[in-house]
Amino acid sequence: MRVPAILAQSTRSGRRAPIWLAHVTRLRRAPVPRTAMVRGALGAGPLLGAGIAAGQPGAGVLAALGAMLAGVNDRPGTRRKGLVHIGLPAAAGSLGLLAGALVAESAGRWAAVPVLFLVGWVSGALSARGAVWSAAALQMLVATTIGMGMPLGGPAWLKALCFLAGALWLVVLRLLLRTPRSREATRWSGEREAVAAVFDALADALGALGGPGALSARRALVAAQQQADEALRLMRLLPWPRRSGGAAHVLAERFGSGVALCEASIALLWEGRPVPDAVAEGPRRLAAAVRSGGPAGTLPSPRPDTVERLAFDRAVLEAAVVFDRTTTGAPAPHGPARPRATGTERRLRPGLFTAAGREYGLRVALCVSVTAAVALLLHEDHWYWLPATAAFLVKPDMGPLFSRVVNRFAGTVAGVLVFVALMAAAGGLGRPLVVAAVVVAGALVPLSTRHFAFQTAVITVLVLSFVHTAGDTEAAASRLLETFLACVIVLLVGHLPRVTDPRVRVGHRFAVTLRCTERYLRHVLDAPDPAGDRQRGDVQGLALRGASYRALAEARAAAETVAAELPGPFGERRHDWSAVTVAAELVVDAATACALRVGNGVPRPSSGEVERVTTALSVLADALEDGHRVARPAPGPGPRDCRSLRDVMTQLHGIHRLTTAGDTGGVPSAFSARP
C-alpha cells in the first residue's frame, strides 16, 4: 500500500503564521441560507414586539431569547434533523432557566457559584457525547446563568415556559418555511438527497485515488455516510405526520446497499492506487437512481483483476439488484438492510465519568464559577454577562480557546459599536426601533455562523436589545469591560495544567477508535457464523465498522482543535496529532480491508495472529487513554502472511512513536511506503 501524499504535507515546516494565530481569521465557506434567514427574521423580533404590545416586555424578552438561541442551532438538514437539533437544546435551556430562577427565588446571591460549578461540570461532561448534546449542554448552562442573574418579573415556571415557547415558535417556522423544492420532491426528499450524497461521495473518493485530494475525498465520504445514517435514523424514530408505507423502507434498503458498497470500496481506498474512471461511474449512476426513485440502469462491466476489485464489483452488482427490487412501483421490501447501533457501540460512547468527560467538565465548571464570583463582587444585579460569556468561550469542542477569546472580544466590540451607533442616530432607541433591530439581527444569525466574531457581533446586538427592553438602558459600555474580564479569566483558568492536557482530550478519542476497531476485527475474524446467523453478523459488523469511523471523525475534530490551541504548559510535549489521525485512519481502513479480503477467498489469519493484533490495539488504546503515564511495550511486528493486518501493526507502531517521542518534528519510519 502506498501512503497518501497528504501525510508528508502534514509535517512540512514553513514560514507561515502559527496555526493558533491563523485560525483567528479562518472563515467557513457555505451557501447563503436564505430560507433560514427568513426564519430568523420572523423569529425573535415578532415575539419581542408581541410581548411589548401585550404589556409584558419581560415575557417577550424571554420568548425572543429562546427563539434567538434556537436560531443559532438552525442548520441545514432534514426537517427531523432540525427538530432534534433545535428541540433538544431548547428543552435543556428551559430546564436550566427553571432551575436558575428557582435558585434565585429561594437562595442567596452567592448560591450561584456552587450551582454554576455543578451545572458547568455536567455541561462540559455532556459535551463529550456529541454535537447535539454539546449544544443542549451549552443552552442549559447559559439559561441557568440568565435565570439566576437577569431580574425579570414572574414565577420561575412562567419564565421557563416563555423561553420554551419562543424556541418552539422557531421549530414551527422550520417545519413551515423550507428551502424551495422541485415539483417532483416529496416529504422524504431531504433523506433521499442524503442517501444520494453517499454514492456521489464514493464516486468522488474513487476518482481521487492516487492524487493529492484522496484523503479529503475519503473523509468527505465518511461524513456523508454519517449524515445519511442520522437522517434515516431520525426518519425511523419520527415518522410523523403519518407512516410512509414502503417509501422509508425503500430508502433504508438502498442506503444499506450503499453502506455495503462503501465497505467494499475500502480495500481499493486502502491500496491507494488509481482506478479506471468506469469504476466511479457505477456509484454515480446509483446516486441518480436514488434521486429519481428508479432502477440502477446499465452499470459498467465488472473487471475483477484483483481481490479488492472483485469485492467492489460484487457489491455494485448486489446494489443494482437491491435498486431493481426497490424501484418505484415495485412491491415494498420486507425490511431495511441498514446497520443499527450495537450495545458495544453505545457502551463505548464518551460519558460523564470518562477521562474526557471529567476534563471537559472541570474546565467549564472552573471558568463559569470563577467568573460568577467575580461578577457578584462587581454587580448587585445583571451579573450574568460574565459567566454567560465564559460559557460560550470555554467549551473545548467548539474550537480553539485563544481563537474564540480573540473573536469574542472583537465581535463584542463591533456589536456594542453598532448598538451605540443606532442609539446615537435615532436619538435614543424607542421600542419600535429595538424590534426592528432584532428583526434584522435575527435574520443575520444563520449567516453569522461563518465566523465566530461575526456571530458574536450579531448576538451582542440582540442581547443588548433584549436588556434595553428589560430596563437596563446603560448596559452597552459595561459589557465591554465584562467581556474583557471574562476573556482574561477564561484564558488563565482554561490553560491550567490539570484541565488542558491534550493527551486526555484527544488521546481518549483515539483510544475509543482503536477499541471499536479491535471489536470489529474480533467480530469479523472469529469463526464463521452459521448460515442462519450470517445476515445478523453482517449487520453487526457494519455497525461496528461504522462506530469505528464515527469515533475516528470525533478524534480528528479534537486533534484539529488541539493543533490550533495557544501553546501552553504542554507545548514542549505537544504531539503531532495530525499524523496520528492519518495513522489511525489507515488502521481502520486496513482492518476493513482485511475483513473484505477474507470474505472474498483470501486465507483467514490464524487465531494467534488475530489475538496478537487485537491485543496490540487494546494495549495502545489503554496507553492513549491514560496519556502513556504507565509504561507499556511498543506493538510488535505484524503477521507475515496477511498484508492488511501487517499494515495495522505498522501504523500502531507509528502511533506509539508519535505519542511517546519528545521530538515530533519528523515523520517516523512507520509511515514509509511498504514494498
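Before reading further, recall that the structure is shown in the block above.
Within each chain, residues carry numbers counting from 1 in the order of the written sequence. Predicted model: local features are reported for residues with pLDDT of at least 70 only, side-chain atom pairs are reported and counted for 80 or more only, and whole-chain, interface and lining totals are derived from all residues. Processing note: side-chain calculations cover all non-hydrogen atoms of the structure and skip hydrogens and water entirely.

> Can you walk me through the packing of helix α11 (residues 214–237) against helix α12 (residues 247–271) in this structure?
For any two helices packed against each other, one specifies the crossing angle of their axes together with the interaxial distance. In this description, a line fitted to the C-alpha atoms serves as the axis of each element, helices being fitted only across the stretch in contact, and the angle between N-to-C directions of two axes falls anywhere from 0 to 180 degrees. Helical segments are the DSSP runs of H or I of at least four residues, strand segments are the runs of E of at least two, and each set is numbered from the N terminus. Running from amino to carboxyl end, α11 crosses α12 at an angle of 160°, the nearest separation of the two axes being 11 Å. Here α11 is positioned roughly antiparallel relative to α12, judged by the angle of their axes. The way α11 lies across α12 gives a crossing that is left-handed. Counting all contacts with α11, which are made through Arg218, Leu221, Gln225, Ala228, Asp229, Leu232 and Met235, the residues of α12 involved are Ala248, Leu251, Ala252, Phe255, Val259, Cys262, Ile266 and Leu269. Considered class by class, the residues forming the contact of α11 with α12 number 12 nonpolar, 1 polar and 2 charged. Each angle is binned into one of four classes, with values under 35 degrees roughly parallel, values over 145 roughly antiparallel, values of 65 to 115 roughly perpendicular, and all other values oblique. Take the far helix as your reference; a near helix turned counterclockwise from it by less than a right angle gives a left-handed crossing, and one turned clockwise gives a right-handed crossing. The contact criterion used is simple: two residues touch if any of their non-hydrogen atoms lie within 4.5 Å. Asp, Glu, Lys and Arg are counted as charged, while Ala, Val, Leu, Ile, Met, Phe, Trp, Tyr, Cys and Pro are counted as nonpolar; the rest, among them Gly, fall into the polar class.

> Got a minute to help me understand the environment of Leu596 in this structure?
By secondary structure assignment, the location of Leu596 is in helix α25 (residues 577–599). Among the residues examined, Leu596 registers a relative accessible area of 13% and is labelled buried. Sequence separation of Leu596 and Glu308 is 288 residues, and the distance between their C-alpha atoms is 7.8 Å. Beyond its immediate stretch of four places on either side in the chain, Leu596 contacts Glu263, Ala264 and Ala267. Exposed residues in this analysis have more than 50% of their type's maximum accessible area, buried residues have under 20%, and partly exposed residues fall in between, with area computed by a 1.4 Å probe over protein chains only.

> Mind showing me how you'd approach the pattern of salt bridges here?
Once the charged atoms of two side chains with opposite charge are near each other, the side chains can pair. Salt bridges are counted wherever a side-chain nitrogen of Lys or Arg sits within 4 Å of a carboxyl oxygen of Asp or Glu. Under the criterion given, the structure shown has 22 salt bridges. For Arg219, the salt bridge is made with Glu585, and the minimal N-O distance between the two is 2.7 Å. Of this pair, Arg219 sits in helix α11 while Glu585 sits in helix α25, and the two are 366 residues apart along the sequence. Taking the relative accessible area as the measure of exposure, Arg219 reaches 23% and is therefore partly exposed. Overall, the relative accessible area of 7% leaves Glu585 in the buried class. A salt bridge links Arg515 to Asp622; the nearest nitrogen and oxygen atoms lie 2.7 Å apart. Residue Arg515 is located in helix α23 (residues 507–525), and its partner Asp622 is located in helix α26 (residues 607–625); the two are separated by 107 residues in the primary sequence. Take Asp622: its relative accessible area is 31%, and that puts it in the partly exposed class. By sharing partners, the salt bridges in this structure join Glu193, Asp200, Asp204, Arg284 and Arg291 into a single network.

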